[in-house]
Amino acid sequence: MQIYLAAGPSDAQEAARYRRPLAHQAYRIGPDSTLLRQNLLLGTQGGLLAISDRDAPPVDRPEDLAAAAVRECGRRNYSGVLLELPQPPAADRLALAAALVKALAPRPLYVPESCGAVSGAVPLICTALSGGSFTGRLREAAAAAGGADRLALDVERLRMDFTLPARSGEGQSLSGRELQELLDREAPAVFFSQDLCARYFTYTREGETHFVLFDDAGTLQQKLRTGGAMGFSAAFLLYPEVRDLLPKLFPVRRP
C-alpha cells in the first residue's frame, strides 16, 4: 500500500524528510475551468497532483480542466491526481471527476467516497469512526467496490468529545491543544478500543459524562497495517494534521 502525505507548498520540504511521496496541495480550480498553481517549489517532481475546489467557481468545461491536469502530470512526473471535494459533490464536480478518470488513464484519480459512483475513480474511505467496527467497515467497503485494491484510505486523525448518551453519533471536534488540556486536567485512564482502533477515556463535567475518542501514532499505525493487509491500494495523511506524530510513524533514518 502506497502511503502519501498531503502537503501544501509551505510544508512540502519538511514533509519530504519522511520519505513518503507527497500529494502536492498547490492546485485549485480557477475561473473558466482553469487549473491554477500556487507557490510550488522549484523543481518539484513526483507524487500526486492535488486539486482543491475550495471557494472555486463552477466547472463549465471539465474536459479542458482535465486536459490541463494531465499536462501538469506530464511536466511534473506526477503519478495521478487527488481531487479534494466537499461532500456531497455538485454535479459539475462529478463531471470533472469523470473527465479526469478518462484523461488520466492509466494514472489513478483519488476521490472522496461520495464520488464512488464515478466509474474508474478510487474512492477514499475515512478511517475516523465513532461507532461500529473499523475492520468491518473496511471489509464492507471492499466488498461493495469489488476489492480493496479499488479503494484507498483517508487516514483522518480522530479527536472527538461526545456527551453521553450520544444518540446522534456526533461529537465535538477537539484541536490538539484542547485534547492535551483535557488529558492534563483530568489525568484519565486511557484505553484502546479494538473495534474502533482508537484510544478513549471518560470524564465528568457539570454532572455530564463525556466520552473522548482520539488517535495517536499507535492507532494510526494499526489502521495503516490493517488497510495494507486487506489490500487497499493507497493511504493519505494530511501533513499538518499528523506533523507531531510523523517521527513515530515514519522514523527518519540518519546515515
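Scroll up to find the structure this text is about.
The model shown is predicted, which means the values in this text are computed figures rather than measured ones.

S.K.: I'm lost on the sheet that holds strand E9 (residues 159–163) in this one. Help?
M.R.: As a general point, the strands of a sheet are linked pairwise by backbone hydrogen bonds and lie either parallel or antiparallel. Read across the open sheet, the 5 strands follow the order E10-E9-E13-E12-E11; overall the sheet is antiparallel. A strand with exactly one partner marks an edge of an open sheet, and here the two such strands are strand E10 (172–173) and strand E11 (191–193). Both strand E12 (residues 198–205) and strand E13 (residues 208–214) contribute to a ladder of 7 bridges, which runs antiparallel. If you follow arginine 199 over to E13, its bridge partner there is phenylalanine 214. On top of the sheet, helix H5 (residues 176–186) reaches E9, E10, E12 and E13; it is set at about 60° to E12, its chief contact.

S.K.: Teacher, can you tell me more about the packing of aromatic side chains here?
M.R.: With the rule as written, the count across this model stands at 9 aromatic pairs. Centre to centre, the rings of tyrosine 27 and tyrosine 78 are 6.1 Å apart; their planes meet at 90°, and the pair counts as edge-to-face. In this pair, tyrosine 27 is assigned in strand E2 (residues 22–30) and tyrosine 78 in the loop between helix H2 (62–76) and strand E5 (81–84), connecting sequence segments 51 residues apart. Pairing tyrosine 200 with phenylalanine 211 gives two aromatic rings, centres 5.5 Å apart and planes at 40°, and the pair type is tilted. Taken as a pair, tyrosine 200 in strand E12 and phenylalanine 211 in strand E13 lie far apart in primary sequence, 11 residues in all.

S.K.: What am I meant to see in the side chain of arginine 76 here?
M.R.: Inspection of the secondary structure assignment puts arginine 76 in helix H2. Residues contacting arginine 76, with those up to four places away along its chain left out, are Tyr27, Arg37, Leu40, Leu41, Gly43, Thr44, Gln45 and Gly46.

S.K.: Looking at this structure, I do not really get the environment of valine 59. What am I missing?
M.R.: With respect to the helices, strands and loops of the structure, valine 59 is situated in the loop between strand E4 (48–52) and H2. Spatially, the C-alpha atom of valine 59 lies 8.7 Å from that of glycine 30, the residues being 29 residues apart in sequence.

S.K.: Sorry, what's going on with H2 here?
M.R.: An α-helical turn contains 3.6 residues, so a residue and the one three or four places further along point in the same direction. Its 15 residues place the ends of H2 21 Å apart at the C-alpha level, agreeing with the 21 Å of an ideal helix rising 1.5 Å per residue. Here H2 has its buried residues at Pro62, Leu65, Ala66, Ala68, Ala69, Glu72, Cys73 and Arg76. Down the axis of H2, the sector holding all buried residues measures 160°, keeping them to one side. The exposed residues of H2 that point more than 90 degrees off its buried face are Glu63, Gly74 and Arg75. Looking at the buried residues of H2, the elements they touch are E2, strand E3 (34–37), E4, E5 and helix H3 (91–104). Downstream of H2 by one or two residues, asparagine 77 has phi in the positive range, about 60°.

S.K.: Just to check I follow, could you spell out the packing of helix H4 (residues 134–145) against helix H6 (residues 217–230) for this structure?
M.R.: Each pair of packed helices can be summarised by the angle the axes make with each other and by the distance between the axes. The interhelical angle for the contact between H4 and H6, taken along N-to-C directions, is 30°, at an axis separation of 11 Å. The way H4 lies across H6 gives a crossing that is right-handed. Here H4 contributes Phe134, Thr135, Leu138 and Arg139 to the contact with H6, which in turn contributes Lys223, Thr226, Gly227 and Met230.

S.K.: Teacher, can you tell me more about the environment of glutamine 2 here?
M.R.: Mapped onto the elements, glutamine 2 comes out in strand E1 (residues 2–7). For glutamine 2 and proline 21, which are 19 residues apart along the polypeptide, the C-alpha to C-alpha distance reads 8.4 Å. Ignoring anything within four residues of it in the chain, the contact list for glutamine 2 reads Pro21, Ser233, Ala234 and Ala235.

S.K.: I tried to follow the nonpolar core on my own but got confused; where do I start?
M.R.: Side chains of nonpolar character tend, in soluble globular proteins, to be buried together. Core analysis: the biggest nonpolar cluster contains 38 residues, and Leu5, Leu237, Leu246, Leu249 and Phe250 have the highest contact counts within it. With sequence-adjacent residues up to four places away left out, leucine 237 is seen in contact with Ile3, Tyr4, Leu5, Ala6, Val155, Leu220, Val242, Leu249 and Phe250.

S.K.: Explanation requested: H3 in the structure shown.
M.R.: Over its 14 residues, H3 extends 20 Å from the first C-alpha to the last, a length consistent with the 20 Å expected when each residue adds 1.5 Å. The complete set of buried residues in H3 reads Asp92, Arg93, Leu96, Ala97, Ala99, Leu100, Val101 and Leu104. Among the structural elements, E2, H2, E5 and strand E6 (109–112) are those in contact with the buried residues of H3.

What counts as what
Residues numbered from 1 in each chain as written. Predicted model: local features only at pLDDT ≥ 70, side-chain atom pairs only at ≥ 80, totals over all residues. Heavy atoms only, no water. Pairing = 2+ DSSP bridges. Helix = DSSP H or I, 4+ residues; strand = E, 2+ residues; numbered from the N terminus. Contact = heavy atoms within 4.5 Å. Axes fitted to C-alpha atoms, helices over the stretch in contact; angles between N-to-C directions. Phe/Tyr/Trp six-rings, centres within 6.5 Å; stacked < 30°, edge-to-face > 60°. Expected span 1.5 Å × (residues − 1). Buried < 20%, exposed > 50% of the residue type's maximum accessible area, 1.4 Å probe, protein only. Arc of directions from axis to C-beta. Left-handed = near helix turned anticlockwise from the far one by under 90°. Core = buried A, V, L, I, M, F, W, Y, C linked by side-chain atoms within 4.5 Å.

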